[in-house]
Structure formats: C-alpha cells, structure tokens
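Observations on the three-dimensional arrangement
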Amino acid sequence: MLPLLLASSSVYRRELLSRLHLPFTCSSPDIDESHRPGESATELVKRLAEEKARTLADTHPAHLIIGSDQVAVLGERIIGKPHTFDKARQQLLDASGSSVTFLTGLALLNSQTGDCQVDCVPFTVNMRILDSARIERYLHTEQPYDCAGSFKAEGLGVSLFQSTSGSDATSLVGLPLIRLVDMLLAQGVEIP
C-alpha cells in the first residue's frame, strides 16, 4: 500500500481517519480557499478538496493523498466558520428552526499515477427552534468558533438538532469515511 497522507491540520479529520486503523501522516496544504464568482457550494468544496491533495503531490510522490473541505449552506447562502462569538450567535439565530446542509468535498489522489477521485457528500441538520439564551449558553460552553455552522456535532452541538439526514454521519464532522473507504478500496487498500 502507498503511504497515506491527510492533507489537513484539522484535529477532527485526524480523529475520524484514525478510526480506519490505517497508518497515516498529516501535512497542511497552503491554498487560497476563496469562493470564485458563479461557483456553486458543491463545486467549491470539490475544487478545494482536490487542490489540497494536488498541492502536496510534488512533496509527497507515491502517496495516497486525502483532501477534504466543507461548507455549510443555509438556504442559498454559504456559511463558514464564525471565528467569533458574535458571528456564531448570528449563524445559530439564522439557522434556528431551519435546515443546514453540510457539503463535504473529498478527494483521493494517487500521486504516483495521478489518478484522482473526487466527490461531494451532503448531510443535512434540521435545527431546533433556538432562543438567544440557549444559543449563548451553548456558545459559552463549547466555543465552536472553528466549526462551520457554529456547532460541534460530535459534542454538545447535537442538543441543537431536531433531526439529521444523510448517508454518512462522519461527513458532518468533515471527513466522509464511508465514501473514503470506497475510494481507498478502488486504490487496492485493504480495510480492515
């Protein structure tokens, strides 16, 4: 098996990938993650996932490189990581009683052959009706300022959900393992 490289500095993605019990290393690619004019959210995450993988190909020849990127979509609007309490509070107020769809772009690049598989895995969260007091309590407790949508689904953020739907719950955290396993199997990786 070619060495496995996760093109990410995300602790959440590292934790998810470790579930597969495969040895891997991590390296954080430096790319421009700007949204291009006219680019759909799906096109954005697929492009960024592939760019993350391809950016590391020269320095990691003969590797299987995993790239991933995620955005949250509320209505027609892409919402990203809030970074601040005020922005997180507004994101959760806007999402109250609504559905937020998380789109996770995934790429697996074989840097030896150039073969690259790219996909987008959606996952929808239907939010409870949230009042300001509940949102503020949540934000002070979990401080999810580095999470798209302003909540940590793997933590207390689940208390904000009414329901969820999608084919792979790990895509909500940022690395769709079911689809990744399909890609790895296509490259001849044995799991488990």
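Under an unreviewed UniProt entry, the name given to the protein chain is 7-methyl-GTP pyrophosphatase, and the source organism is Pseudomonas saponiphila. Comment text from UniProt for the protein chain, heading Subcellular location (unreviewed entry), reads "Cytoplasm". Under the Function (unreviewed entry) heading, UniProt states for the protein chain: "Nucleoside triphosphate pyrophosphatase that hydrolyzes 7-methyl-GTP (m(7)GTP). May have a dual role in cell division arrest and in preventing the incorporation of modified nucleotides into cellular nucleic acids."

1. What about the overall build of the protein chain?
Along the backbone of the protein chain there are six helices and seven strands. By its C-alpha atoms, the protein chain is 50 × 40 × 25 Å across when sized along the principal axes. Within the protein chain, residue pairs in contact and separated by at least 24 positions form 67% of the contacts whose partners lie at least 6 positions apart. A total accessible area of about 9200 Å² is found for the protein chain, and carbon and sulfur atoms account for 49% of it. Here the protein chain holds 17 positive side-chain charges and 23 negative ones, and the gap between their average locations is 5 Å.

2. Description of the UniProt feature "active site" (unreviewed entry) in the protein chain
Sites flagged by UniProt as "active site" (unreviewed entry) map to Asp69. Inspection of the secondary structure assignment puts Asp69 in strand β3 (residues 64-74). When sequence neighbours within four positions are dropped, the list of residues in contact with Asp69 reads Arg13, Glu33, Val45, Leu48, Ala49, Lys52, Leu103, Thr104 and Gly105. One polar contact links Asp69 to Lys52, side chain to side chain, over a distance of 2.9 Å.

3. Considerations on the packing of aromatic side chains
A full pass over the atoms with the stated rule returns two aromatic pairs. Both rings, one in Phe102 and one in Phe151, keep their centres 5.5 Å apart while their planes meet at 75 degrees; by these two values the pair is edge-to-face. Of this pair, Phe102 sits in strand β5 (residues 99-110) while Phe151 sits in the loop between α4 (132-142) and β7 (161-166); the two residues are 49 residues apart in sequence, bridging distant segments of the chain. An identical accessibility class is assigned to Phe102 and Phe151; each is buried. Ring geometry for Phe151 versus Phe161: centroids 5.0 Å apart, planes at 75 degrees, classification edge-to-face. Note that Phe151 is positioned in the loop between α4 and β7 and Phe161 in strand β7, a separation of ten residues in sequence. Judged by its relative accessible area of 4%, Phe151 is buried.

Analysis parameters
Residues numbered from 1 in each chain as written. Predicted model: local features only at pLDDT ≥ 70, side-chain atom pairs only at ≥ 80, totals over all residues. Heavy atoms only, no water. UniProt positions renumbered as here; feature names shortened; annotations may be inferred. Helix = DSSP H or I, 4+ residues; strand = E, 2+ residues; numbered from the N terminus. Contact = heavy atoms within 4.5 Å. Areas by Shrake-Rupley, 256 points an atom, 1.4 Å probe, with all protein chains shown as cover. Lys, Arg positive; Asp, Glu negative; His and termini not counted. Charge placed at Lys NZ, Arg CZ, Asp CG, Glu CD. Polar contact = N/O pair within 3.5 Å; in protein donor to acceptor, adjacent residues only side chain to side chain. Phe/Tyr/Trp six-rings, centres within 6.5 Å; stacked < 30°, edge-to-face > 60°. Buried < 20%, exposed > 50% of the residue type's maximum accessible area, 1.4 Å probe, protein only.

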